[in-house]
Amino acid sequence: MGNPAYNGLLTTIVIFGASGDLTRRKLIPSLFNLFRKRRTPKKFLIVGFGGTVFSSDQFRQHLNTGMKEHAGFNFTEEEWSIFAPNLHYRSGNYSDLKDFHSLASHLEGLEGGEANRLFYMALPPSLFPSIIQNLDASRQLIENSGWRRVVLEKPFGTDRASAAELNFQVHRALNENQIYRIDHYLGKETVQNILFTRFANTIFEPIWNRNYIDHVQITVAEKVGVEHRAGFYDGVGVLRDMFQNHLLQLLTLVAMEPPASFNAQHLRNEKVKVLSAIQPMTPEQVSLNTVRAQYKGYREEPEVRGDSTTPTYAALRVYVNNWRWKGVPFYLRSGKHMAEKQSQIIIQFKEPPLAMFPMQTMKPNILVLYLQPDEGVHLRFEAKAPDTVAETRSVDMEFHYAEAFGRTAIPESYERLLLDALQGDASLFTRADEVETAWSLIDPILQTWEVHQTPPLATYRPDSWGPAEAYDLLAHDGRRWLNEEASRMLDK
Ligand code: BG6
C-alpha cells in the first residue's frame, strides 16, 4: 500500500520559474535525493514551466549539470537516468492564459487520468497573483479526487499592506489549507530541534521562563556580502530579507507555549500568539531598541546606488509581553559580510543569587543552540577547578550532530519542506495571519528608519562582528553579545 497522502494517484509537481537558479540549486537536488531515499510518491512527474525555451531533453541536461555543481551528495549517472524520465518542460508566458490552457492539456496528456498537483512558485512574488489567476481560469485548481496545492517562495510582500493584498489575491482562488508559504529556516533540522530540545525533554520546561532566564540572544551572521543579488537586495535590506521571516520564526520557536500537539494548526496558533504578544514599536522605541548598519564598501558593490542607505545589518531589542517572558529581552541580530557564518541561539540563565564559594566567579549558565555550522547544543555550567581550594571554572556539556549522527545526517532544508508539502503537512510553513502579524512588527521599524532616518545608519568593517552601536545596545542593559566567546568554547 502506498502513502495515504498520495491517495493512490500520480502526483505532478509543476515548477514555475523552472529555468531559474532555485530550481537547479535546491529544488531538483532535493527532489532527486527524496527519490533516492524512496520518499517521493510512487508515481510522479516534475514539469518545469518557464520563459526560457527548452526541450525536455535540454531541461534534463541543464538540471544534470546543476546537480553536479550544487548537490550536496554524490550520485551515479545510473541513478540519474532512472530519475530523469520523470522530468518534463514546457515554455510559456506567466501572464498569458492561452499558455495555461495548453499547460493544462499537456499535463492531462502526461498524467493520463486523475492526479494530485503541487504548483511550486520559484519566482518573484509579483508574479504569484497572475499565475494563480491563470491556473484558476484554466480550471487547474479544482480539487476532485486529486488535491491541488501551491507553494509560495519568500519574500511574501514587502510590508503588511502588500502581504495582506497578496493573501487576498491568493485566497480568491485557494483555501488557506492549500497554501504553503516557505521559510526555508523552518526546514532546517537544527531549527526543528529547538522544539525537540524544549518539548521532548522535561528538564528545560520548568526553567524556560522569566524566573530563570535572564535574556535570549539570536544571531544569524553571514560571511558573504550581497554578491550577485545586490540589485535585488538594495531595494530590500536586512530587515525584510532576514528578520520578518527567519529571525522572527526563530524567536517564536524559542518563546512559544507548548502546543496541544505537533500539528499545523496547533503549532502555528502558538507562534501567532508569540508574535501578537510583541508590541509594535513607536518611533521613540525604534531609536532606543534598534541598530541599523551598512558594511563599509557596500555602496561600491555593482548595482548598489552610490548613496544607498539600505542596511545590511540590524540588531533589535524585543520584548514578548506575556506571563512567561515579561521583562526578558530578546536580542536579535543579523548581518551580511560578518566575521564568520554563524547562526545560533543563546539562552542566558540568571546568576546564582549568592556567591557561596570564596573564589567563585559569578558566571551565569548558558545554553547554546548552534543552528549552523557545526550544528549542536552546548550547556555551560560551573565546576570546581581541581587542585584549588574553591575556584570555579566554566565547562561545557556538548552535543554535536556530526559526532552523534554522522556528518551526512543533516539533509537540505528544501528536502523536508518539499516532502511535507507533498504529504499535506503545513506545520513548517507560515500561515496568512502569521506573515501579516510579523510584518506588523517590522513595518514601524522600517518606517522610522526610512522616513525619519533614525537611528542614524551606522557602518561596520566587513568581516567584523558588526557596529559598535550594537555592542552599546547590550552594554546599556549591562550585557554583551556572547557568541564570540561561545564560539571559542568550541575550539577548546
Ligand atoms: C535567504 C536570504 O532567505 O536566506 C539571503 O534572502 C540569505 O539573503 C539566506 O543569504 C541565508 O540562508 P542560510 O540557509 O544560508 O542561512
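Going by the structure above, here's the rest.
Now for a quick tour of the structure. Keep in mind that what you see is a predicted model, and the values were worked out from it rather than measured.

### Some thoughts on the packing of aromatic side chains
So, point 1. Under the counting rule described, the total for this entry stands at 30 aromatic pairs.
So, point 2. Note on Phe 49 and Tyr 94: the rings are 5.8 Å apart at their centroids and 50 degrees apart in plane angle, and the pair reads as tilted. With Phe 49 in strand 2 (residues 44-50) and Tyr 94 in the loop between strand 3 (87-91) and helix 4 (97-111), this pair connects stretches of sequence that are 45 residues apart. Each of the two residues, Phe 49 as well as Tyr 94, counts as buried.
So, point 3. Seen from their ring centres, Phe 196 and Phe 262 are 6.0 Å apart, and the 75 degrees between their planes marks the pair as edge-to-face. Taken together, the residues Phe 196 in helix 7 (residues 189-199) and Phe 262 in the loop between helix 9 (237-255) and helix 10 (264-276) connect sequence positions 66 residues apart.

### A closer look at the site of the ligand
So, point 1. Inspection of the region around the ligand gives Lys 154, His 184, Tyr 185, Lys 188, Glu 222, Arg 229, Asp 241, Met 242, His 246, Lys 336, Lys 341 and Gln 372 as its neighbouring residues.
So, point 2. His 246 is positioned with one of its side-chain polar atoms (N or O) 2.7 Å from an oxygen atom of the ligand.
So, point 3. In isolation the ligand has 400 Å² of accessible area, and contact with the protein removes 80% of it.
So, point 4. A total of three residues in the shell around the ligand trace back to one element, the largest contributor, which is helix 9.
So, point 5. Counted by class, the shell around the ligand contains two nonpolar, three polar and seven charged residues.

### Notes on the nonpolar core
So, point 1. In this structure, Phe 16 and Phe 330 are the most contacted members of the largest nonpolar core, which totals 141 residues.
So, point 2. Broken down by element, the residue count for this core peaks at eleven residues, all from helix 9.
So, point 3. Residue contacts for Phe 16: discarding those within four places in its chain leaves Phe 49, Tyr 94, Phe 100, Leu 103, Phe 119, Tyr 120, Met 121, Ala 122, Leu 123, Ile 131 and Leu 135.

### Structural notes on the environment of Gly 51
So, point 1. The residue Gly 51 is located in the loop between strand 2 and helix 2 (56-70) in this model.
So, point 2. In contact with Gly 51, not counting residues within four places along its chain, are Tyr 89, Gly 92 and Tyr 94.

### So, the pattern of salt bridges
So, point 1. Per the counting criterion, the structure on display carries 26 salt bridges.
So, point 2. Notably, a salt bridge pairs Asp 57 with Arg 60, separated by 2.8 Å at the nearest N-O pair. Pair noted here: Asp 57 and Arg 60 are both in helix 2, with a separation of three residues, about one helical turn.
So, point 3. Look at Arg 60 and you get buried, because its relative accessible area is 18%.
So, point 4. Of the charged contacts, one joins Asp 477 and Arg 317 as a salt bridge, the two residues approaching to 2.9 Å between their closest N and O atoms. Of the two residues, Asp 477 is situated in the loop between helix 15 (468-475) and helix 16 (483-490) and Arg 317 in strand 9 (residues 313-319); the sequence distance between them amounts to 160 residues.
So, point 5. Salt bridges here are not isolated pairs; linked through shared partners, they connect Arg 198, Glu 205, Glu 257 and Arg 324.

### A closer look at the sheet that holds strand 14 (residues 392-400)
So, point 1. Spatial strand order, 14-13-12-11-7-10-9-8-15: nine strands in an open sheet with mixed pairing. Of all the strands in the sheet, just strand 14 and strand 15 (458-460) have a single pairing partner and so form its edges. The sheet shows a mean angle of 20 degrees between the axes of neighbouring strands, taken without regard to direction.
So, point 2. Alignment of strand 9 against strand 10 (residues 329-335), held across seven bridges, turns out to be antiparallel. By the bridge assignment for strand 10, Val 318 is matched with Phe 330.
So, point 3. On the sheet, helix 7 packs against strand 11 (342-349), strand 12 (366-372), strand 13 (376-384) and strand 14 and is oriented at approximately 150 degrees with respect to strand 12.
So, point 4. Contacting strand 8 (290-295) and strand 9, helix 14 (residues 432-451) crosses the sheet at an angle of about 60 degrees to strand 8.

### Description of the packing of helix 1 (residues 21-36) against helix 2
Helix packing geometry: the angle between the two helix axes and the distance between the axes.
So, point 1. Between helix 1 and helix 2, the least distance of the axes is 9 Å, while the angle of their chain directions is 90 degrees. The pairing of helix 1 with helix 2 is recorded here as roughly perpendicular in orientation. Contact residues: helix 1 offers Thr 23, Arg 24, Arg 25, Ile 28, Pro 29 and Phe 32, while helix 2 offers His 62, Leu 63, Thr 65, Gly 66, Met 67, Glu 69 and His 70.
So, point 2. Residues of the contact of helix 1 with helix 2, tallied by class, amount to five nonpolar, five polar and three charged.

### Details of helix 4
So, point 1. When the terminal C-alpha atoms of helix 4 are compared, their 21 Å separation across 15 residues agrees well with the 21 Å that a helix rising 1.5 Å per residue should span.
So, point 2. Within the sequence span of helix 4, burial applies to Asp 99, Phe 100, Leu 103, Ala 104, Leu 107 and Glu 111. With its buried residues spanning 145 degrees around the axis, helix 4 presents them on a single face. Pointing more than 90 degrees away from the buried face of helix 4 are the exposed residues Lys 98 and Gly 109.
So, point 3. Of the residues flanking the start of helix 4, the one acting as N-cap is Asp 96, its side-chain oxygen 3.1 Å from the backbone nitrogen of Lys 98.
So, point 4. A positive phi of about 65 degrees marks Gly 112, the residue just after helix 4.

Rules used in this analysis
- Sequence positions are assigned chain by chain, starting from 1 and proceeding in written order.
- Where local features are concerned, this predicted model is filtered to residues with pLDDT of at least 70; where side-chain atom pairs are given and counted, the filter is 80 or more; whole-chain, interface and lining totals use all residues.
- Water and hydrogen atoms play no part in the side-chain values, which are based on all heavy atoms of the structure.
- Aromatic pairing here means that ring centres of Phe, Tyr or Trp (its six-membered ring) are within 6.5 Å. Orientation follows from the plane angle: under 30 degrees is stacked, over 60 is edge-to-face, and everything else is tilted.
- Per the convention used, a helix needs a DSSP run of H or I reaching at least four residues, while a strand needs a run of E reaching at least two, with both numbered from the N terminus.
- Type-normalised accessible area, obtained with a 1.4 Å probe on protein chains alone, sets the label of each residue: buried when under 20%, exposed when over 50%, and partly exposed for intermediate values.
- Put simply, a residue is near a molecule or strand once any heavy atom of it comes within 4 Å of that molecule or strand.
- Each polar contact in these results corresponds to two N or O atoms within 3.5 Å; when the atoms are within protein, one needs to be able to donate a hydrogen and the other to accept it, and residues that are neighboring in sequence are counted only if both atoms are side-chain atoms.
- Using the Shrake-Rupley algorithm and a 1.4 Å probe, accessible areas are obtained, with residue cover drawn only from the displayed protein chains.
- Asp, Glu, Lys and Arg are counted as charged, while Ala, Val, Leu, Ile, Met, Phe, Trp, Tyr, Cys and Pro are counted as nonpolar; the rest, among them Gly, fall into the polar class.
- Among the buried residues, those of types Ala, Val, Leu, Ile, Met, Phe, Trp, Tyr and Cys that are joined through side-chain atoms within 4.5 Å form a nonpolar core.
- Two residues form a contact once any of their heavy atoms are found within 4.5 Å.
- Definition used for salt bridges: Asp or Glu carboxyl oxygen within 4 Å of a side-chain nitrogen of Lys or Arg.
- By this definition, two strands are paired if DSSP reports at least two bridges between them.
- Convention adopted: a line fitted to C-alpha atoms gives each axis, helices being fitted over their contacting stretch, and angles between N-to-C directions are expressed from 0 to 180 degrees.
- An angle below 35 degrees is read as roughly parallel, one above 145 as roughly antiparallel, one from 65 to 115 as roughly perpendicular, and any other as oblique.
- For a helix, the expected span equals 1.5 Å multiplied by the number of residues minus one.
- Each direction from the helix axis to a C-beta atom contributes to the arc, which is the arc of those directions.

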